[in-house]
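Chain and residue survey
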Protein chains: 2
Amino acid sequence: MGRTDYVDDPDAPSANSVVPSVVAVVTDNGGRVLLIHKTDNNLWALPGGGHEIGESIAETVVREVKEETGYDVVVERVTGLYTNPRHVMAYDDGEVRQQFSIAFRAKVIGGEARTSSESKAVRWVDPAELQGLDLHPSMRLRIQHALEDRDTPYIG
Amino acid sequence: MGRTDYVDDPDAPSANSVVPSVVAVVTDNGGRVLLIHKTDNNLWALPGGGHEIGESIAETVVREVKEETGYDVVVERVTGLYTNPRHVMAYDDGEVRQQFSIAFRAKVIGGEARTSSESKAVRWVDPAELQGLDLHPSMRLRIQHALEDRDTPYIG
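Quick caveat, the model's predicted, so the values are computed rather than measured. (Residues numbered from 1 in each chain as written. Chains lettered and ligands numbered in written order. Predicted model: local features only at pLDDT ≥ 70, side-chain atom pairs only at ≥ 80, totals over all residues.)

**What to know about the interface of chain B and chain A**
With 22 residues of chain B in contact, the opposing surface of chain A contributes 22 residues. At the level of secondary structure, the elements contributing two or more residues to the side of chain B that touches chain A comprise helix H1 (57–69) and strand S7 (71–82) of chain B. Grouping the constituent residues of the side of chain B that touches chain A by class yields 13 nonpolar, seven polar and two charged. (Contact = placed C-beta atoms within 7 Å. Helix = DSSP H or I, 4+ residues; strand = E, 2+ residues; numbered from the N terminus. Nonpolar A, V, L, I, M, F, W, Y, C, P; charged D, E, K, R; others polar.)

Here it is, written out as structure tokens:
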């Protein structure tokens with residue numbers, strides 16, 4: 001399903017839905033960050049996705065990371081809340097979702113890298129190499145907040 | 001609108017909605033906690049309510065505390081995520097909402113106590129007196145987590 005992000009754009013369509021979603025910042029022993037190359041918008045991104053009825057938010061993280069990367073993770077802590085009402089995502093089916101994303105640190109406890117229908121590549125990326133990859137600015141911000149070891153989660 | 005909470009109850013109705021919501025833990029200089037006496041279920045509770053399209057989560061906190069208590073607050077930090085899928089709230093209109101609540105510390109910057117259609121009393125309560133009030137156990141837990149100054153927000 002195609003997706004277009006709008007941030008602070010006066011021409012953005014009006015939001016008609018809010019779905020809590022998650023992203024996971026997972027690092028390996030060398031400090032590299034686990035990223036996927038997304039099929040829906042061709043950008044690199046943190047693994048993550050929408051919360052579903054019947055699961056806790058930590059279960060959402062575990063499920064989405066498994067689906068998109070092949071790795072089994074456990075959630076460690078919250079690193080930020082991202083709820084800018086001027087960031088909306090328009091989908092092909094007419095849904096316009098207002099951003100409501102919670103970022104977590106998580107660590108690998110099993111599994112191995114594999115791609116999926118949502119991720120055409122799965123890669124451990126050195127933070128120094130992030131500038132050379134095509135990531136949405138909002139995704140860069142979440143990585144930055146998670147890696148800078150803030151005292152308390154970002155609220156935005 | 002009447003509301004019934006079910007926690008770990010095999011007879012609970014199945015959830016059909018998830019609406020991100022907030023509660024605010026606001027204390028005065030003496031460490032007393034700002035509580036409301038709710039009209040919908042007759043319990044004492046932290047002020048809070050559902051996120052609405054068009055607002056950030058911090059704006060939800062500010063709006064709900066103002067509506068329910070009369071006070072103007074600013075958000076300080078996140079203290080917990082409460083997303084137990086076995087805690088559902090059934091409303092008179094057929095909505096069965098799965099718990100998805102984010103708790104925050106917030107502080108008063110203006111306003112004064114007043115009741116509302118949702119709150120028949122607004123009171124500053126000493127933590128030692130909480131046992132004597134009728135609060136839902138999930139509300140007690142959020143107060144406890146917020147007052148114990150955890151290193152990192154609770155995730156449950």
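**Focus on the nonpolar core**
In globular proteins that are soluble, nonpolar side chains generally tend to be buried together. Core analysis: the biggest nonpolar cluster contains 57 residues, and A:Ala24, A:Val61, A:Phe104, B:Ala24, B:Val61 and B:Phe104 have the highest contact counts within it. Every residue in contact with A:Phe104, bar those within four places of it in the chain, is listed here: A:Val22, A:Ala24, A:Val25, A:Val61, A:Val75, A:Arg77, A:Val78 and A:Thr79. (Core = buried A, V, L, I, M, F, W, Y, C linked by C-beta atoms within 7 Å. Buried ≥ 20, exposed ≤ 12 C-beta atoms within 10 Å, placed from the backbone.)

**Concerning the sheet that holds strand S3 (residues 21–26) of chain A**
Residues and elements named next belong to chain A. In space, the five strands of this open sheet follow the order S6-S3-S10-S7-S12, with mixed pairing throughout. Every other strand in the sheet has two partners, leaving strand S6 (48–50) and strand S12 (154–155) as the edge strands with one partner each. Of the pairings in the sheet, the one linking S3 to strand S10 (residues 101–111) comprises six bridges and is parallel in character. Directly across from Val23, in S10, lies its bridge partner Ala103. Sheet contacts for helix H1 (residues 57–69): S3, S6, strand S7 (71–82) and S10; angle to S7, the most-contacted strand, approximately 120 degrees. Against the sheet, helix H2 (residues 137–147) contacts S3, S7, S10 and S12, and its axis sits at roughly 100 degrees relative to S7. (Pairing = 2+ DSSP bridges. Axes fitted to C-alpha atoms, helices over the stretch in contact; angles between N-to-C directions.)

**Side note on the relation of the copies chain B and chain A**
Least-squares fitting of chain B to chain A yields an RMSD of 0.0 Å, with the superposition described by an axial translation of 0.0 Å and a rotation of 180 degrees. Classification of the inter-copy transformation places it as that of a two-fold axis. (Least-squares fit on C-alpha atoms with pLDDT ≥ 70 in both.)

**Here's the deal with the confidence of the model for chain A**
Per-residue confidence for chain A averages 95 on the pLDDT scale, and 99% of its residues sit at or above 70. Overall fold confidence (pTM) sits at 0.95, and the ipTM for the predicted complex is 0.93. (pLDDT = per-residue confidence, 0-100.)

**Digging into the sheet that holds strand S2 (residues 17–18) of chain B**
Hydrogen bonds between backbone groups are what pair the strands of a sheet, and the pairing can be parallel or antiparallel. Residue and element names in this part refer to chain B. Strand order in the open sheet made by the four strands is S1-S8-S9-S2, with mixed pairing throughout. Sheet topology places strand S1 (3–7) and S2 at the edges, where each strand pairs with a single neighbour. Here S2 pairs with strand S9 (residues 96–98) via two bridges, running parallel. Residue pairing in the sheet places Val18 in a bridge with Gln98 of S9.

**A short note on the pairing of S7(A)**
Residue and element names in this part refer to chain A. One ladder, built from ten bridges, connects S7 with S10; its direction is antiparallel. When the sheet's bridge partners are listed, Arg77 is paired in S10 with Arg105. As defined by bridge partners, S7 adjoins S12 across two bridges and the pair is classed as parallel. By the bridge assignment for S12, Leu81 is matched with Ile155.

**With respect to the environment of B:Asp11**
All names here are of chain B. Considering the arrangement of structural elements, one finds Asp11 in the loop between S1 and S2. The exposure class of Asp11 is exposed, given the 5 C-beta atoms found within 10 Å. Separated by 41 residues in sequence, Asp11 and Glu52 place their C-alpha atoms 30 Å apart.

**As for the pairing of strand S3 (residues 21–26) of chain B**
Residues and elements named next belong to chain B. In terms of residue burial, S3 counts as a mostly covered element, since six of its six residues are buried. Across the two faces of S3 the burial is the same, with Ser21, Val23 and Val25 and Val22, Ala24 and Val26 all buried. Bridge count between S3 and strand S6 (residues 48–50): three bridges; the pairing is antiparallel. Each residue of the ladder has a partner; that of Val23, found in S6, is Gly48.

**Let's talk about unusual backbone geometry**
Residues and elements named next belong to chain A. Even without being glycine, Asp8 reaches a positive phi, approximately 50 degrees. By the secondary structure assignment, Asp8 is in the loop between strand S1 (3–7) and strand S2 (17–18). Residue classification places Asp8 among the exposed positions, given that 8 C-beta atoms sit within 10 Å.

**As for helix H2 (residues 137–147) of chain B**
Two residues of an α-helix separated by three or four positions point the same way, owing to the 3.6 residues in each turn. Residue and element names in this part refer to chain B. Considered for burial, the residues of H2 that qualify are Met139, Arg142, Ile143 and Ala146. Down the axis of H2, the buried set is contained in an arc of 100 degrees. They therefore lie on one face. On its buried side, H2 packs onto S3, strand S4 (33–38), strand S5 (44–45), S7 and strand S10 (101–111). Directly beyond the C-terminal end of H2, a positive phi value near 50 degrees is found at Asp149. (Arc of directions from axis to C-beta.)

**Observations regarding H1(A)**
Here H1(A) spans 18 Å end to end across 13 residues, near enough to the 18 Å set by a 1.5 Å rise per residue. One or two residues past the end of H1(A) sits A:Gly70, with phi positive at roughly 90 degrees. (Expected span 1.5 Å × (residues − 1).)

**Notes on the environment of B:Asp149**
Residues and elements named next belong to chain B. Position of Asp149 among the secondary structure elements: in the loop between H2 and strand S12 (154–155). For Asp149, a count of 8 C-beta atoms within 10 Å gives the class exposed. Each C-alpha atom of the pair Asp149 and Asp40 lies 30 Å from the other, and the pair is 109 residues apart in sequence.

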